[in-house]
Amino acid sequence: MDQTVENQAMASKAAQIMSESEKNAIIGGVLLSMLLAALDQTIVAPALPTIARALGHAEYLPWIVTGYLLTATAMAPLYGKISDVYGRRPVIYAAILVFLLGSLVSALAPNMLVLVIGRAIQGAGGGGLFALAQTVIGDLVPPRERARYAAWISGTWAVASVAGPLLGGVFAEHLHWSLIFWINLPIGFLAMAIINNPLRKLPIAAKNHRIDGLGAVLLVIATSLLLLALNWGGSAYPWFSREILGLVACSVVFWAFFALRVLKAAEPLISLEVLSNPIVLAGTISMFLLQAANIGASVYLPVYLQSVVGLSVSESGTAMLGLLLGTVAGATFSGRTIPRFVHYKRIAMIGVSLAIVCIGVLSAIAEHASLLEVEILTTLIGLGSGTTFPVATVSVQNAVDRAHLGVATGVLTFLRTLGGALGVALLGAVALGYGLPLSAEGSQTHIQLASALPFVMIFVAAGIMLVLALAVLFLMPEKELRGRDEHAAPVLAE
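Bear in mind that the values here come from a model prediction, so they are computed numbers and not experimental data.

Undergrad: Quick rundown of the packing of helix 5 (residues 88-107) against helix 10 (residues 184-195)? Include the residues and the values.
TA: To describe two helices that pack against each other, one gives the angle between their axes and the distance between the axes. Relative to each other, helix 5 and helix 10 sit at 165°, their axes nearing to 10 Å. Classified by the angle their axes make, helix 5 and helix 10 are roughly antiparallel. Judged by the twist between their axes, the crossing of helix 5 over helix 10 is left-handed. Where helix 5 approaches helix 10, its residues Ile92, Tyr93, Ile96, Leu97, Phe99, Leu100, Ser103 and Leu104 are matched on the opposing element by Asn184, Leu185, Gly188, Phe189, Met192 and Ile195. Looking at the contact of helix 5 with helix 10, its residues break down into 11 nonpolar, 3 polar and no charged.

Undergrad: Break down the confidence of the model for the protein for me, with residues and values.
TA: Model confidence for the protein is summarised by a mean pLDDT of 77, while 83% of its residues fall at 70 or above. Highest mean pLDDT in the protein belongs to helix 17 (residues 345-365) (92); lowest belongs to helix 1 (residues 2-17) (47). With pLDDT under 50 throughout, residues 1-16 is counted as low confidence; its partners more than four residues away or in other chains account for 28 contacts. Note that residues 485-494 has pLDDT below 50 and, in this model, 31 contacts with residues that lie over four places away or in other chains.

Undergrad: Account for the environment of threonine 378, with residues named and values stated.
TA: Mapped onto the elements of the fold, threonine 378 is located in helix 18 (residues 371-386). Taking the C-alpha atoms as reference points, threonine 378 and leucine 323, 55 residues apart in sequence, are found 5.1 Å from one another. Those residues in contact with threonine 378, other than ones at most four positions away along the chain, are Leu301, Gly322, Leu323 and Leu362.

Thresholds, definitions, all that
- Residues numbered from 1 in each chain as written.
- Predicted model: local features only at pLDDT ≥ 70, side-chain atom pairs only at ≥ 80, totals over all residues.
- Heavy atoms only, no water.
- Axes fitted to C-alpha atoms, helices over the stretch in contact; angles between N-to-C directions.
- Helix = DSSP H or I, 4+ residues; strand = E, 2+ residues; numbered from the N terminus.
- Parallel < 35°, antiparallel > 145°, perpendicular 65-115°, else oblique.
- Left-handed = near helix turned anticlockwise from the far one by under 90°.
- Contact = heavy atoms within 4.5 Å.
- Nonpolar A, V, L, I, M, F, W, Y, C, P; charged D, E, K, R; others polar.
- pLDDT = per-residue confidence, 0-100.

Here it is in structure tokens:
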């Protein structure tokens, strides 16, 4: 306990003696590295047909996306713990280097198998970049001021969401598909150069600790099996097929083993203190539910715009900007407003309530809505739900001490990503249940439907997820945000 408090005090002092330019350099560098990982979730999709023609074996194309998603999601909480023990600088360097190695393997891939392996290696590094960017910002900036940086993170995702498909399409159509991977190398080395010297000043938050290797293996296996079931269910195999049920059953078994390991290990991968903290628990669950609703609905919104509103594929992509820009605006507003409110979680509660009302209206008018009405409603949905990201992140990080900051942020990132995957799967099951064809061809052409009922039910299901997220936020305790002179908080906030 005394050693922990002493380490926190040292870390707080180190952060305070940094100049603002050094802090901004570190934050810029980690956000640049985060942009790498975010881009590679969006840049590949437009190039998939070109890659299939070049390498053959088109039946394995989904693995180019799935391989990245599996390893990125499973590795996120591991990086948090490792960085708490060994320090941020070597771990974020390792994550960047692993990501760049995966990029190199992917760019030079002579066949589809090597490309899938390269994408899995990329994901193993990318999962760390997502979690570590927010963790490093948490090291540098006290919780009371941290929320405003959430706008930078949201902006990074916005740039990736817009620039990724554009770059992927241009490279594949006019240059060469491998450039979507080669471009990562100069960006990655630039990020390493920016953060190299300033990041040396951040001390290790938790010394004399070790990594639970067995717990890490169990977590990776359990997560990978679950994600495989979610990705294959309803597409490669029926939801109630032996293959999907077998994957789910095996995942449950490994999750049970992981839970036992957390209970029995002398120093588990994810501390019971962190998991049992009511603020951490509520903040991560609310983010899980919010992402399930947001990502799930955003996947099927373009299909709705094409089949009901009557837009083309390119027009439906442009129409998605309202949801995207609304989310960034909501996060920006929330981040700038949080320091001014004692009861800061009310910002997110009001925002989610707005999103619930708007998605309810959208479900009510879905069959005859005009493009203008859809744009206004989806922008407001993004605006409302976007307010939650800074609130959840700051609340979770404010609830733990510096020694547990990486673990708490890693768990938040993990559940946020897992929520998105689960949301797509659940809403996909709803869509299939109400007669929406979800073939690969159907996602790229107009789908002729007798009614808009499948989309009505998709929006209703997403709204129910938002209602559950609001209920969890309502139950989440609030703790006064720490300022610059209060970095050395108790081991865990109660």
